[in-house]
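# Summary of structural features
Chain by chain, the residues:
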Amino acid sequence: GAVVSQHPSWVICKSGTSVKIECRSLDFQATTMFWYRQFPKQSLMLMATSNEGSKATYEQGVEKDKFLINHASLTLSTLTVTSAHPEDSSFYICSASKVAGGLGGEQFFGPGTRLTVL
Amino acid sequence: AQSVTQPDIHITVSEGASLELRCNYSYGATPYLFWYVQSPGQGLQLLLKYFSGDTLVQGIKGFEAEFKRSQSSFNLRKPSVHWSDAAEYFCAVRSNDYKLSFGAGTTVTVRA
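Described in the following lines is the structure provided in the data block. (Residues numbered from 1 in each chain as written. Chains lettered and ligands numbered in written order. Predicted model: local features only at pLDDT ≥ 70, side-chain atom pairs only at ≥ 80, totals over all residues. Heavy atoms only, no water.)

### What about the overall build of chain A?
Note the cut-off: Numbering of helices and strands starts at the N terminus; helices are DSSP runs of H or I of at least 4 residues and strands are runs of E of at least 2. The quantity called the radius of gyration is restricted to C-alpha atoms. Its globule counterpart is 2.2 Å times the number of residues to the power 0.38. Three labels apply to residues, based on accessible area from a 1.4 Å probe with only protein chains included: buried if under 20% of the type maximum, exposed if over 50%, partly exposed otherwise in between. Contacts are assigned to residue pairs with any non-hydrogen atoms lying within 4.5 Å of each other.
Counting its regular elements, chain A contains zero helices and eleven strands. In chain A, the order of α-helices and β-strands from amino to carboxyl end is β-β-β-β-β-β-β-β-β-β-β. Taken over C-alpha atoms, the radius of gyration comes to 13 Å for chain A, in line with the 13 Å a tight globule of 118 residues would show. Its C-alpha atoms give chain A principal-axis dimensions of roughly 40 × 25 × 25 Å. Here chain A holds 118 residues, and 50% of them are scored as buried. For chain A, contacts bridging at least 24 residues in sequence account for 55% of all contacts bridging at least 6.

### Points about the pattern of salt bridges
All names here are of chain B. Note the threshold: Between Lys or Arg on one side and Asp or Glu on the other, a salt bridge is scored when a side-chain nitrogen of the former is within 4 Å of a carboxyl oxygen of the latter.
Enumeration over the complete set of coordinates arrives at eight salt bridges over all chains. Residues Glu-66 and Arg-77 are paired through a salt bridge, measuring 3.4 Å at the closest nitrogen-oxygen approach. With a gap of eleven residues between them, Glu-66 in strand S8 (residues 64-68) and Arg-77 in strand S9 (residues 73-78) connect regions that are remote in the sequence. What makes Glu-66 partly exposed here is its relative accessible area of 23%. Arg-77 sits in the partly exposed class, given a relative accessible area of 24%. Between Lys-78 and Asp-85 there is a salt bridge, with the nearest N and O atoms lying 2.8 Å from each other. No difference in accessibility class separates Lys-78 from Asp-85, as the two residues are buried. Taken together, the salt bridges that share partners define one network made up of Glu-64, Glu-66 and Arg-77.

### Side note on the nonpolar core
Residue and element names in this part refer to chain B. Quick reminder of the rule: Nonpolar core, defined: a set of buried Ala, Val, Leu, Ile, Met, Phe, Trp, Tyr and Cys residues in which side-chain atoms within 4.5 Å join the residues together.
Judged by nonpolar contacts, the single largest core of 27 residues is most densely connected at Trp-35, Leu-48, Phe-74, Leu-76 and Tyr-89. Broken down by secondary-structure element, the contributors of at least two residues to this core are strand S2 (10-14), strand S3 (19-21), strand S5 (32-38), strand S6 (44-50), S8, S9, strand S10 (87-94) and strand S12 (106-111). With four residues, S10 is the single largest residue contributor to this core. Not counting chain neighbours up to four residues away, the residues in contact with Phe-74 comprise Cys-23, Leu-33, Phe-34, Trp-35, Leu-48, Lys-49, Tyr-50, Ala-65, Glu-66, Phe-67 and Cys-91.

### Points about the sheet that holds strand S8 (residues 76-81) of chain A
Residue and element names in this part refer to chain A. Operational definition: Should DSSP find at least two bridges between two strands, the strands are regarded as paired. To define axes, lines are fitted to C-alpha atoms, for helices over the stretch in contact only, and angles between the resulting N-to-C directions are given on a 0 to 180 degree scale.
Strand order in the open sheet made by the four strands is S1-S3-S8-S7, with antiparallel pairing throughout. Edge positions in the sheet fall to strand S1 (4-7) and strand S7 (67-73), since each of these pairs with one other strand and no more. Averaged over neighbouring strand pairs, the angle between their axes works out to 15 degrees when direction is ignored. Strand direction decides the pairing type here: S1 and strand S3 (residues 19-25), joined by four bridges, are antiparallel. For Ser-5, the partnering residue across the bridge sits in S3 and is Arg-24.

### As for the interface of chain A and chain B
Quick reminder of the rule: When two components associate, each loses some accessible surface as probed by a 1.4 Å sphere; the sum of these losses over both components is called the buried area. Polar contact criterion, stated in full: a pair of N or O atoms within 3.5 Å, where within protein one must be able to donate a hydrogen and the other to accept it, and residues adjacent in sequence count only if both atoms are side-chain atoms. Polarity classes work like this: nonpolar for Ala, Val, Leu, Ile, Met, Phe, Trp, Tyr, Cys and Pro, charged for Asp, Glu, Lys and Arg, and polar for all others, with Gly in that last group.
Tallying the contact residues gives 21 residues for chain A and 18 residues for chain B. Of the roughly 1600 Å² buried between chain A and chain B, counting both surfaces, carbon and sulfur atoms make up 55%. One can count two salt bridges joining chain A with chain B. With its nearest N and O atoms 2.7 Å apart, the salt bridge here joins B:Lys99 to A:Glu59. Run the count over chain A and chain B and you get six residue pairs in polar contact (both at pLDDT 80 or more). When the residues that make up the side of chain A that touches chain B are grouped by side-chain class, the tally is ten nonpolar, nine polar and two charged.

### Observations regarding the packing of aromatic side chains
How we decide: Centres within 6.5 Å make a pair out of two Phe, Tyr or Trp rings, where for Trp the six-membered ring is used; the pair is then stacked when the planes are under 30 degrees apart, edge-to-face when over 60, and tilted otherwise.
Scanning the model with the defined rule gives 15 aromatic pairs over all chains in all. Centroid distance A:Tyr36 to B:Phe102: 5.7 Å. Interplanar angle 85 degrees. Geometry classified as edge-to-face. Of this pair, A:Tyr36 sits in strand S4 (residues 32-38) while B:Phe102 sits in strand S11 (residues 100-102), each in a different chain. Note on accessibility: A:Tyr36 and B:Phe102 belong to one class, buried.

### Here's the deal with the environment of B:Leu48
Residues and elements named next belong to chain B. Secondary-structure assignment places Leu-48 in strand S6. As a C-alpha pair, Leu-48 and Lys-61 span 13 residues in sequence and 9.8 Å in three-dimensional space. Apart from residues lying up to four places away in sequence, Leu-48 is in contact with Leu-33, Phe-34, Trp-35, Val-57, Gln-58, Gly-59, Phe-63, Glu-64, Ala-65, Phe-74 and Leu-76.

Distances and angles like these do not, on their own, reveal function.
What follows is the structure, encoded as structure tokens:
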């Protein structure tokens, strides 16, 4: 159990276009989902935290108008990179948490989405 | 604010030899600590975690980690590595708001 999927696994787009990445919890309900960005050979940086039915909370320095996050259901969160530019090229990873509190707040990670902006 | 330091950027180890990856954390309260492994182009897989109790934690794939509060450390060990253990390893600490802070990672190369 506790499987998280991401779609697409990789995407190439032209500069100026928008790209949507989906994150799904396949066999559990996720009250909280997290979005991370990872540059080559670097660690994961938390971009934002999203709770089902409410607005996402963005980390300092992350442009909320550029990285739109929607958590419309307990099994789906989406990240839309708007007006993408080459510097947005990165590996985006989502994670999902089963319950909001307690020890059950363990995060389960998706396989990641490689975004390349030309 | 919490933080994690992984002092070793890259470690090369012979197949069958032992492996130890270092992790030091900074956190004001009782830390919730994790070790994850990432293969190239993949997401993260949880190896083990420490919340409380026994300070020696057993994980998957033969890994274990020891929590030492006095040293603010949570080092990962494996007695005998396999070629499939070549990957990137991340130590992480979780804050009270359930956010994870990751270390910079350690790349493990396994030579035959």
